[in-house]
Structure formats: structure tokens, C-alpha cells
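Structural overview for review
Single-letter residue listing:
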Amino acid sequence: MSTVPSPALGSPTRTTSMRRSSSSGRLRSQDTSSDHSGGGWSPTQDDDATLAERARREPEARADGKIELSEIDCYEKLGFHFSTRKKWSILTVIFVIQCSMNLNASLYANAVPLLSNHFDISEQSARIGQAIFLIAYAFGSELWAPWSEELGRWPILQASLFFVNLWQIPCALAPNFATIVVGRFLGGLSSAGGSVTLGMVGDMWSPEEQGFAVAYVVLSSVGGSVIGPVVGGFIQAHLTWHWNFWLQLFFGAATQLAHFCFVPETRATVILDREAKKRRKAGQTNIFGPGELKQHKMELKDILDIWGRPFVMFVREPIVLWLSLLSGFSDSLIFTFLESYTPVFSQWRFTVQQIGLAFLPLLVGYIIAWTSFFPTIINQRKARRRDPDSVSPEARLWWLLYTAPLLPIGLFGFAWTSVGPPRVHWIAPMSFSVLIAIANYSVYMATIDYMVASYGPYAASATGGNALARDLLAGAAAMYSTPFYSNIPGRYKLEWPTTILAILATLFIIPVYVFYFNGPYFRSKSKFAVSLASEKKQNGGILSLSKSANASDIEEKHVE
């Protein structure tokens, strides 16, 4: 029998009491129920003053005389303790980074006709540069994400931004189209994507408090894709194709500089290692960070495990797999639908610039969807503060139950208002595009929020699966979208393709309701989530953020 969660209530209530462990000096919780949901140590389990006071106490030594710093031992140094202003300043730079990454993906579409003319190739061939970037981006997110958990967020994002900017140069100076394809592939593979930036959210906010931050990052991801066509229309009309890449480089360089100057490291393990080194220099010679006490240095097997973690989670974790596919199919539907803008709005004699501006209603829809999550986030936050266990993970999908149907509704409406003048005004299809944007944002937001909360310190790897599905399927859509809207014969050649997308969307939103009403069953089938919960139980109710398991270790554990 499945448990039916509500937006505020839904998981079995459990009683938690706090105590100080005499063996490790860490803050722990004693769990008196059998329902464990996993996750990491959360500073919201106690007030900041008490945590700061406990952090001033001397941690106890291990058997070998070395003292391992834990989160509670230097809580004031962690991202959790950053001021609200500092957190949101960091997150705003991350917002710009996400916009930059998505600009690189979307702006290229306006270069397709120009590249076709310059290199004397078909427009379909020119779209290879767009498809290859998105496909490489999908795997780039997977490859970069776990390294950010091992080496830190700051160096990984700096390296990613540097290489993305570097590969813009050969694209802008390309003597042939093959050079652009190679540059785009390397640029996509160098893109760390939202997996790392969402991991930073987990570094600064506990799962109970992260709602607004996740919503903000998701807005930057979907909203950034609108900037490309809006700006790209003017580039296409007034500049050469080279400027498509130069603009990406200028925006990317400014973004990298902002990140270099204003964003500190947020990963807990890296901060603990740095703090341990400072204390040793100050005379505390037996203090070490968790990364420094690893029994062996990183070997080839460790590297393969780190790279393989997101792929293993995508394939073997039901939550990651199905929610990522849902998000990916939604994104590919949107990508395919956007290819209809040129033939649809050309019926009203829109110029290239005006077609680009026609994407702005999508941005309006994204902003509406973003603000629509505020009441749900506030209500669930209040409920968690009263009782941390009163809100089930499935409650994060509650608002999606009402917004997901807007995807097929918006597509059906857009399809049959695309008949052109004089029967329909151009404002009609634009209005339905707002509904489509609301649904697309909601799918991304709800699925990401659910996975970040479920996997805690491994959120970057878990959400890497979401990025894999979204970008991989969008890359495939880049190649079939234009033929899809060009080759259907008959009087309603623009209406029927979008109608087909609407029918598919109706099928794709079904898993939302399946997961909402049967979420506990699917979570019980998640080896990673169950293993983390088991580890938490064995350690007295805490899963330390400084621990760094890998997917192969999880698979080898016996979970009852």
C-alpha cells in the first residue's frame, strides 16, 4: 500500500533527540523510528549559537594520536555558516555562470544560416555543431561533477570556465567547418553544468532550507537558454558568424573573472583540510582534515570510480533514472517545439530580430513558474521547522501535479493557434508558450529538488544524471527538429507536428503521478539511498559530509 504525501505532511513521524558523542565530539541524533530517509549532517538541527560553542571545544584524538576535524569542530568556517548576504552573492555569480553555459548552447542556432552560406554546406549539416555541443555537454556534466566533490567546487568551475572559453577561439577563427565541430565538442565536454552549481547549494543550505536557492539556480538554467535566441537574432541580422563565438567568449571571460574574484570554496571536505593545515601551522601539529587522512592517495581505480559514479547512479538508481528521463524528455520536447518559431512567426512577417524577441514570453513563463513555487517552499519550510520529519520527499513533487499538465495544454494551444493571419493574432501562440515555459521550469525544479534532497552530499553526481538526460536528448532533437517541422505534408503542416509533441507530453507527465503516490516504494529500491540511510543509522543518526563514498562501494555493501 502506497503512502500518499501532502504538501506539508506525508512521511511517518519520528522522535529525534540530540546528544554529544563522547568518542568523536560530533553532534549526533538518536533516531527512534525505523523510517530513515538518509541525507547529511544538517546545521538546522541546532541553533547557530550552540553549534558555534560546540565548535570551540577540542576534538578528541584517534587511536594513532591524530585528530580528524569534523564539520562541527569548525562549523563557523563552513558554507552553512556564511551570512545570508554572502550566500546569495555567491549564488548570484552562479546564476550568471549558468546563464553563460546555456548561452553557449542556445546562441549557436542563429549562426546556422550564416555558417551554411560561408562554408557552402547545408543548414542541416551546420546544425551538427549545435548537436555535438549538447551531447558533449551531457557527458561533461557527468565527468566534472564528482571531481567537484573530491577536489572542491572552486578549482573545478575555474578549470571548466577556462577551457570553455579557450575553445571559443578556434571556433571564431575557424578556417573550415570541421574546426568548429571539434571546438564545439571540446567546449561541451569542458562544461561542468548545473550539477556542480547545484552541489554548491547543498554546501550552503541544508535540504530543509534549500528550496529558494534551488529554485533560483533552476531559473538561471532555463532562463539562460532564452538569452541566446533573443541576442542571436540581432547578431544574425547585423554581424558575421564569427561574432556568435566572440560574444560567447566575452561573456564567458567576464563570468570566469566574477567567479574568480567573488566565489570562495564551499565544499566541506576541502574547507576542513584547509583549516587543518592552518591549525598545524599555528602549532596544533596533530590536527588533520578528512582528505589528508585517506589511507592511500588517488589511484587509477579511484579515478575510474569517481568518473563512474554519476553513470552508475543514472543506470542503477530508480529515482535518478526515471526523474532524469522525465526531465530530459520534457527538455527535448521544448527544444523541438522551439524549432517551430521561425516557420510559425514568419507567417506574420516577423524579421529575424522579431523572431528572437518572440522567445521573451518563455522568460515570462519561467519567472511566473519560479515565483509560483514560493508558497509551497515557505509552507514546507515552516512544517519542517516544527517537525523535521513531517514532510516526505514526495512533497517536493506536489506543485508539479498541477503544473505538469500545462505542458500538453500549452502545446495543443500553440499548435492550433499557429494557423497564421488573418484567423489568429500572433499574441495567441505566444500566450500558450508561457504555459509551456511554466511546465518546463516546474519539471526541472521539482525533479532536481527531489534528487538534491534525497542524495545530500552526492547531489552533484545524482543531478548529473538529470543533466545527462536533458542535454543528450536535446542534442538529438537538434538534428531532427527542423525536418520534423518541414516534412509533414498537408494543409496543417505546422499544426500537426506540435500536436504530436502535445500527445507525447501527455504520456511523459504520467511518471509524475506515479512517483508522487508510490515514492516510498521507489526509494526502497534505491540501493544508494538505502545504503546512505543504513550508514546514518550505524553512525548514530549522522552521515558526515566529509565522507566520500563511491558508487562501487555502495554496490558492495549489504543492505538489509
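Every value quoted in this text rests on a predicted model; they were computed, and no experiment measured them.

Remarks on the packing of aromatic side chains
As enumerated under the stated definition, the model contains 33 aromatic pairs in all. Here the aromatic rings of Phe-212 and Phe-374 are separated by 5.3 Å at their centres, their planes lie at 65°, and the arrangement is edge-to-face. One end of the pair, Phe-212, is in helix α9 (residues 211-238); the other, Phe-374, is in helix α17 (residues 374-386), with 162 residues separating them in the sequence. Using a relative accessible area of 24% as the deciding quantity, one classes Phe-374 as partly exposed. Through a chain of ring-to-ring contacts, three or more aromatic side chains come together here, namely Phe-337, Tyr-341, Phe-345, Trp-348, Phe-350, Phe-359, Phe-414 and Trp-426. The residue whose ring lies beneath Lys-86 is Phe-82, and the NZ or CZ to ring-centre distance is 4.1 Å. Arg-470 extends its terminal NZ or CZ atom over the ring of Tyr-444, reaching a point 3.8 Å from the ring centre.

As for the confidence of the model for the protein
With 80% of its residues at a pLDDT of 70 or more, the protein shows a mean pLDDT of 80. Below a pLDDT of 50 lies the segment residues 1-42, which in the model reaches 108 contacts outside its immediate sequence neighbourhood of four places, other chains included. Here residues 545-560 scores under 50 on pLDDT; set against residues more than four positions off or in separate chains, the count is 39 contacts.

What to know about the environment of His-259
Along the chain, His-259 falls in helix α10 (residues 242-262). Taking the relative accessible area as the measure of exposure, His-259 reaches 0% and is therefore buried. In this structure, the C-alpha to C-alpha distance between His-259 and Leu-161, residues 98 residues apart in sequence, is 9.3 Å. For His-259, the contacting residues outside a window of four places in its chain are Val-93, Ile-97, Trp-154, Leu-157, Gln-158 and Leu-161.

Some thoughts on the nonpolar core
Counting 76 residues, the largest nonpolar core has Tyr-341, Phe-345 and Tyr-441 as its most contacted members. Once residues lying within four places of it in the same chain are set aside, the contact partners of Tyr-341 are Ser-346, Ile-355, Ala-358, Phe-359, Leu-362, Phe-414 and Ser-433. In terms of nonpolar packing, the next biggest core, distinct from the first, is built from 24 residues, Leu-323, Leu-468, Phe-515 and Tyr-516 among them.

Cut-offs applied
Residues numbered from 1 in each chain as written. Predicted model: local features only at pLDDT ≥ 70, side-chain atom pairs only at ≥ 80, totals over all residues. Heavy atoms only, no water. Phe/Tyr/Trp six-rings, centres within 6.5 Å; stacked < 30°, edge-to-face > 60°. Helix = DSSP H or I, 4+ residues; strand = E, 2+ residues; numbered from the N terminus. Buried < 20%, exposed > 50% of the residue type's maximum accessible area, 1.4 Å probe, protein only. Lys NZ or Arg CZ within 6 Å of the ring centre and 35° of its normal. pLDDT = per-residue confidence, 0-100. Contact = heavy atoms within 4.5 Å. Core = buried A, V, L, I, M, F, W, Y, C linked by side-chain atoms within 4.5 Å.

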